[in-house]
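Fold and contact review
As a plain string of letters, each chain reads:
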Amino acid sequence: MLLSILKLLLILIFAGWVSLWVLKPTLFWTRKWKEAQEQTSASMFGYNGLAFVVYTFPLIAIAIIGFIYLEIKQKEPRNRQRRSGFTSFSGPLIVNKYIGVLSGAQILVSSLFIMLLVWTFYVRISQDLKKIIPLKSFKLSPWQYKLFRMATRCGLLAEACLALLLLPVLRGMSVFRLLGIQFEASVRYHIWLGTGMIFFSTLHGGGTFFIWGINHKIQDEMWKWQTKGRIYLAGEITLLTGLVIWITALPQIRRRWFQVFYYTHHLYIVFLVFFLFHGGDRHFYMVFPGVFLFALDKLLRVIQSTTETCILSARVFPCKAIELTLPKDPRLVYTPTSVVFLKIPSISKLQWHPFTVTSSSGIDKHTISIIIKSEGQWTSSLYKQIHVQQVSEVGQRECIPVALEGPYGPASLEYARYDSLLMVAGGIGVTPFLSILRELCSDLNQGRNGYPDRVQLIYTIKKSQDVCLLDPMLPQLLDIKRFHIKLEVFVTQENQTGTTLKEVLSGIPEARITNFSTVGTSYAAHGSERLVPIAAITMVSSIIFLLSLVFFNHFVIPPAKKLSEGKKPSSQIDLLLVCSFALAIIFTALMAIVIRWKRLKKDVQLFSDRQSKAVKQSSLEASRDLDEHKIHFGRRPNFQDIFSNFTRESGGSEIGVLICGPESMKKSVALACRRPLVSQKNDNGKRTHFSFHSLNFTL
């Protein structure tokens, strides 16, 4: 009952917030807003309080209520849910080499957002063109005026993209979990919104500079720092900073020079501050909810990651991959496919890198594990550091301090509602499936309902030695009768005839285990704050911000000055907004530190030196179950045939398809899900349905 009430409340607030964006460009809203402003001008809150409550607080309220909703929902028992209409709508609808895989839900939401942008632009331009008569009141010719107003209104479209830009990259305070969207999956929306924002900002700035240029006023206008009205120089700095951030985030630069991407992305602080000075507080209140939640999320993450722990052990695979085992509090529970962010100060004191958790909190009570493939500069440095200590003569190697942030995972288990699972992985993309399989094993051991009738893993690798990454799931592969797991491996860059999976695994050298000393630290990872304290922190912070605005509104800005400003934003008002925000962050930091300290003091567990033990592969020779698994050389998987065979053999009607791999593999699987073959009947006469779920291969 409580969940239904909270869900209804979330829907109503969200509908009101969307309606606000629709009505804001209209003359109707302009008249109503002026009336509300006149009524509140003499009140305690004034204009700033009104703008915060109307424009900013609805989204913050959604976050607060959403956190409480998710906390309650997580405590409910797991039940296998049947397919709904929305589930069908979330399947792949468009598969294109340029835009990737898009579901019906993504197309609908994107279309509605584009319609909002078109509506905003149309209404504003229609109002502006009515003011073009009489022409004598303008110094510009008609076409120049039209172009200038169109460029100006493009700034509003950039503002709409900016309002949503930071929401997809929230981690501990992710509101996208309400929609069942995981953090790493929501990053693509951040990229789309960022690209849209830069596009409209460039039209806004470029159109303005063009009008200045043809009127020979660039030198007169571009260096202006007005005391009232739009501050042109601040807008130019904002646009330049945004372009630098966007260009260095392009895949061609981000993958080759990650450090350039990482450090330039922190220029968002400069971007937001100068956007405030350029647009003024009246425009900033619309984008402030995302900034506010992002700042709180960043603050909580910094507090969480201040305590360092140590690597317990490292298992080095022959394929230049490392499995790190880290200590965690046994009370820390996370969901499969969760992501942690890792910082190793001995490599870089600033860089954080995301990795998928491969362990299960249901099995590994005191440890958490991740697998890292040596590919980039940072991961290669880690591999060399581990390798150097591994070849040394010392029995137990010195401690390697690490800072851990997360884990961040989905609010619900998508895979748990299906009768059968078909998992497709490419290379290091197998890591999220290791955590899923271990969690399924934990559920089976604890007698929970909902274990799939059939599980199949399609694993594509370049070299046969990469199959050693499956080492953590060998116990499940060696007991097909109990776990119902079938494996099919495709090796694309080798050609062998008649070689079995057992022979490949037997020929791969065993992974070497390196145990590290834990002298110097005794703290284990505790994870991020619980959702209810996060909701309380968000509420208190918003109240402090509002009270700070009220204080500055009455005691810092003289009433006469406020009345004389009219509609024009002032940099002084902007600075007071920044000061209010700073006060809220300071009080929030103190509150979060106290909550964290009490939690660590109450829950801290001194971890014992639980190092990993080597996994012996002597049992491989004695196992006959490995003969049931297949390995193919010199070719890629034919997903059409795989889906057809799985459909016939599967005993369930609801089949979940999970894919984590390169974009080309993702598109091939999505196309296979779309074809009519997937709706054929299985051996039991049931009509099957495949549900497509994509996990990001890289962030």
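The sections below set out a description of the structure shown in this document. (Residues numbered from 1 in each chain as written. Predicted model: local features only at pLDDT ≥ 70, side-chain atom pairs only at ≥ 80, totals over all residues. Heavy atoms only, no water.)

**As for the overall build of the protein chain**
Put simply, the rule is: A run of H or I in DSSP becomes a helix once it reaches four residues, and a run of E becomes a strand once it reaches two; helices and strands are each numbered from the N terminus. Accessible area is worked out with a 1.4 Å probe on protein chains only. A residue is then buried under 20% of its type maximum, exposed over 50%, and partly exposed in between. Two residues form a contact once any of their heavy atoms are found within 4.5 Å. For every accessible area listed, the method is Shrake-Rupley and the probe measures 1.4 Å; residues are considered covered only by the protein chains on display.
Scanning the protein chain from terminus to terminus reveals 24 helices and 16 strands. By residue count, 54% of the 699 residues in the protein chain fall in the buried class. Here the analysis covers contacts within the protein chain between residues at least 6 apart in sequence; of these, 81% occur between residues at least 24 apart. In the structure as shown, the protein chain presents an accessible area of about 32,600 Å², 62% of it carried by carbon and sulfur atoms.

**Some details on the sheet that holds strand β3 (residues 309–310)**
The cut-off we apply is this: Only strands joined by at least two bridges in the DSSP assignment are considered to pair.
As summarised here, the arrangement of the 4 strands in space is β3-β9-β6-β7, forming an open sheet in which the pairing is antiparallel. Only two strands of the sheet have a single partner each, and these edge strands are β3 and β7 (353–356). With 4 bridges connecting them, strand β6 (residues 339–343) and β7 associate as antiparallel partners. In the strand pairing of β7, V340 is matched with F355.

**Quick notes on the pattern of salt bridges**
Once their charged atoms are close, side chains differing in charge can pair, the charge on each being opposite to the other. We apply this condition: Note on definitions: salt bridges are taken to be side-chain nitrogens of Lys or Arg within 4 Å of carboxyl oxygens of Asp or Glu.
Across all of its chains, the model carries 10 salt bridges by this definition. The partner of D128 in a salt bridge is R153, with the nearest N and O atoms 2.8 Å apart. One end of the pair, D128, is in helix α5 (residues 104–130); the other, R153, is in helix α6 (residues 142–165), with 25 residues separating them in the sequence. Since its relative accessible area comes to 2%, D128 is described here as buried. The shortest N-O distance in the salt bridge between D364 and R438 comes to 3.0 Å. Within this pair, whereas D364 is found in the loop between β7 and β8 (367–373), its partner R438 is found in helix α15 (residues 431–445), the two being separated by 74 residues in sequence. The exposure class assigned to D364 is buried, which follows from its relative accessible area of 15%.

**Considerations on the state of the cysteines**
Defined as follows: The criterion for a disulfide is a pair of cysteine sulfur atoms lying within 2.5 Å.
The final tally for this structure, using the stated rule, is 1 disulfide. Here C310 pairs with C399 through a disulfide, and the sulfurs are 1.8 Å apart. In this structure the cystine formed by C310 and C399 twists about its S-S bond by roughly -65°; its chirality is therefore left-handed. Here C310 is found in strand β3, whereas its partner C399 is found in the loop between α14 (377–390) and β9 (401–408), with 89 residues between them in sequence.

**Observations concerning the nonpolar core**
Condition: The set of buried Ala, Val, Leu, Ile, Met, Phe, Trp, Tyr and Cys residues whose side-chain atoms join them within 4.5 Å is what this entry labels a nonpolar core.
Formed by 81 residues in total, the largest nonpolar core has its most connected members in F52, Y55, L162, M197, F284, F288 and F545. For this core, the element with the most residues is helix α3 (residues 46–74), which contributes 15 residues. Leave out the neighbours within four places in its chain, and M197 touches A158, C161, L162, L165 and F271. Core analysis: the next-biggest nonpolar cluster, separate from the first, contains 45 residues, V455, V504, L505 and L658 among them.

**Comments concerning the packing of aromatic side chains**
Rules: Here the aromatic set is Phe, Tyr and Trp, taking the six-membered ring for Trp, and pairing holds for ring centres within 6.5 Å; pairs whose planes are under 30 degrees apart are stacked, those over 60 apart are edge-to-face, and all others are tilted. By definition here, charges over rings are those cases where NZ of Lys or CZ of Arg is within 6 Å of the ring centre and within 35 degrees of the ring normal.
This model, assessed by the stated rule, comprises 26 aromatic pairs. Of the aromatic side chains, those joined through ring pairs into one cluster are F52, F57, F275, F284, F288, F292, F545 and F581. A cation over an aromatic ring shows up here: K24 above the ring of Y55, its NZ or CZ 5.8 Å from the ring centre. Here R254 stacks its cationic end above the ring of F261, 6.0 Å away from the centre of that ring.

**Regarding unusual backbone geometry**
With an omega of 5°, the peptide bond running from G406 to P407 counts as cis. Assignment of secondary structure puts P407 in strand β9. In this structure, T337 takes a positive phi of about 70° despite not being glycine. By the secondary structure assignment, T337 is in the loop between β5 (321–327) and β6.

**Considering the packing of helix α12 (residues 268–279) against helix α13 (residues 281–304)**
Quick reminder of the rule: Note on method: axes are straight lines fitted to C-alpha atoms, helices fitted across the in-contact stretch only, with angles between N-to-C directions ranging 0 to 180 degrees. Comment on the angle field: the value is read as roughly parallel under 35 degrees, roughly antiparallel over 145, roughly perpendicular from 65 to 115, and oblique elsewhere. We call a crossing left-handed when the near helix sits turned anticlockwise from the far one by less than a right angle, and right-handed when that turn is clockwise. Think of it as three bins: nonpolar holds Ala, Val, Leu, Ile, Met, Phe, Trp, Tyr, Cys and Pro, charged holds Asp, Glu, Lys and Arg, and polar takes everything else, Gly as well.
At a minimum axis distance of 10 Å, the contact between α12 and α13 shows a crossing angle of 160°. Relative to α13, α12 is oriented roughly antiparallel. Handedness of the α12/α13 crossing: left-handed. Residue-level inspection shows Y268, L272, F275, L276 and G279 of α12 in contact with α13, the latter providing D281, H283, F284, V287, V291, F294 and K298. Residue classes in the contact of α12 with α13 are distributed as 8 nonpolar, 2 polar and 2 charged.

**With respect to a nonpolar patch on the surface**
Our working rule: Each patch is assembled from residues with relative accessible area greater than 30% and no salt bridge, linking like charges that lie within 9 Å and nonpolar side chains (Val, Leu, Ile, Met, Phe, Trp, Tyr) that lie within 5 Å.
On the surface, a nonpolar cluster with roughly 470 Å² of combined accessible area is contributed by F14, V18, V22, W119 and Y122. With 3 residues, helix α1 (residues 2–23) is the single largest residue contributor to the nonpolar patch. By the element assignment, W119 lies in helix α5. On the accessibility criterion, W119 (36% relative accessible area) is partly exposed.

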